[in-house]
Amino acid sequence: QVQLVQSGPEVKKPGSSVKVSCKASGGTFSSYAITWVRQAPGQGLEWMGRIIPIVGTVNYAQKFQGRVTITADKSTSTAYMELSSLRSEDTAVYYCVTPPPTTTSFDYWGQGTLVTVSS
Amino acid sequence: NFMLTQPHSVSESPGKTVTISCTRSSGSIATNYVHWYQQRPGSVPTTVIYEDNQRPSGVPDRFSGSIDSSSNSASLTISGLRTEDEADYYCHSSDSRNQVFGGGTKLTVL
């Protein structure tokens, strides 16, 4: 069973950056497709991008291109999502997610990290 | 990029059946799997249907999924509605580079 444990809540100023971590256990980290999804208060789910450490592939949603960086450290089984040039609209819960090896559904979710952007 | 369009909300009485649609704007609905998630308030989403019509273990058979190529849409059907089914439901699919969620449907069981 895969477990994803994320870093704690963050409060950031507009224009700054935030880096959220996601430590995985229970499986082969390199073969995961670690995906980042966010959910603004009262809003729906929004895909931001994903990384597949075993092949080094990174894909970003067009909306976040140039502002988001997703990385992975295989030595610690930890993925990171850094979002820059923060604005108030980026206030949201950020989730790391991964499917099991046999399908593409998002079966495993981190607990979520609340990022609040406020002056 | 394509979009997945869901009704904003649906409501139905306990014991009845409800169907939530998810229409793909471009590209064939049949080309990439559709998955469905349930999200109760304050909780992380959980998978109720994967790969169009497969039910994870632990999900009651009251939940079923299907796709319809003629309307380029997927559907989640919940029969024998219970109050605990009240939640937000999201469809999810992909293309070669992107993952997309529908906007979510709030199900009220009244």
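See the structure above.
Now for a quick tour of the structure. (Residues numbered from 1 in each chain as written. Chains lettered and ligands numbered in written order. Predicted model: local features only at pLDDT ≥ 70, side-chain atom pairs only at ≥ 80, totals over all residues. Heavy atoms only, no water.)

**Points about unusual backbone geometry**
Then step 1. For Ser77 of chain A, which is not glycine, the phi torsion reads 55° and is therefore positive.
Then step 2. By secondary structure assignment, the location of Ser77 of chain A is in the loop between strand S7 (68-73) and strand S8 (78-83).
Then step 3. The phi torsion at Glu51 of chain B lies on the positive side, around 50°, for a residue other than glycine.
Then step 4. Position of Glu51 of chain B relative to the elements: it lies in the loop between strand S5 (46-49) and strand S6 (63-68).
Then step 5. Judged by relative accessible area, which is 18%, Glu51 of chain B ranks as buried. (Helix = DSSP H or I, 4+ residues; strand = E, 2+ residues; numbered from the N terminus. Buried < 20%, exposed > 50% of the residue type's maximum accessible area, 1.4 Å probe, protein only.)

**Re the interface of chain B and chain A**
Then step 1. Taken residue by residue, the interface counts 18 residues in chain B and 22 residues in chain A.
Then step 2. Summed over both sides, the interface between chain B and chain A buries roughly 1,500 Å², with carbon and sulfur atoms accounting for 53% of that surface.
Then step 3. Of all residues in chain B, Arg97, Gln99 and Phe101 of chain B bury the most surface against chain A, accounting for 35% of the area lost on that side.
Then step 4. Seen at the junction of chain B and chain A, the total is eight residue pairs in polar contact (both at pLDDT 80 or more).
Then step 5. Every element with two or more residues in the side of chain B that touches chain A is listed here: strand S4 (35-39), strand S8 (87-94) and strand S9 (99-101) of chain B.
Then step 6. It is S4 of chain B that contributes the most residues to the side of chain B that touches chain A, three residues altogether.
Then step 7. Along the lines of polarity and charge, the residues of the side of chain B that touches chain A split into seven nonpolar, nine polar and two charged. (Contact = heavy atoms within 4.5 Å. Buried area = accessible area lost by both parts, 1.4 Å probe. Polar contact = N/O pair within 3.5 Å; in protein donor to acceptor, adjacent residues only side chain to side chain. Nonpolar A, V, L, I, M, F, W, Y, C, P; charged D, E, K, R; others polar.)

**Some points on the sheet that holds strand S1 (residues 3-6) of chain A**
All names here are of chain A.
Then step 1. One open sheet holds the four strands; their spatial order is S1-S3-S8-S7, and the pairing between them is antiparallel. Looking at strand neighbours, the two that pair on one side only are S1 and S7, the edges of this open sheet. Direction aside, the axes of adjacent strands within the sheet are offset by 20° on average.
Then step 2. By the bridge criterion, four bridges tie S1 to strand S3 (residues 18-25) in an arrangement that is antiparallel. Bridge assignment links Gln3 to a residue of S3, and that residue is Ser25. (Pairing = 2+ DSSP bridges. Axes fitted to C-alpha atoms, helices over the stretch in contact; angles between N-to-C directions.)

**A closer look at the layout of surface pockets**
Then step 1. Estimated volume of the largest pocket: approximately 900 Å³.
Then step 2. In terms of lining, the largest pocket is formed by 41 residues, of which the most central are Gln43, Gly44, Leu45 and Glu46 of chain A together with Tyr90 of chain B.
Then step 3. Where the lining of the largest pocket is concerned, the elements lending two or more residues are strand S4 (34-39), strand S5 (45-52) and strand S9 (92-98) of chain A together with S8, S9 and strand S10 (105-109) of chain B.
Then step 4. Class assignment of the residues belonging to the lining of the largest pocket gives a composition of 15 nonpolar, 18 polar and eight charged.
Then step 5. Within this model, the second largest pocket holds a volume of roughly 380 Å³.
Then step 6. Lining of the second largest pocket is provided by 24 residues; of these, Ala33, Pro99, Pro100, Thr103 and Thr104 of chain A occupy positions nearest its centre.
Then step 7. Element by element, the count of residues in the lining of the second largest pocket is highest for S8 of chain B, at three residues. (1 Å grid on protein atoms, 1.4 Å probe; cavity = no way out; pocket = protein on both sides within 12 Å on 5 of 7 lines; lining within 4 Å. Points joined across faces, edges and corners; volume = space filled by probe spheres on them.)

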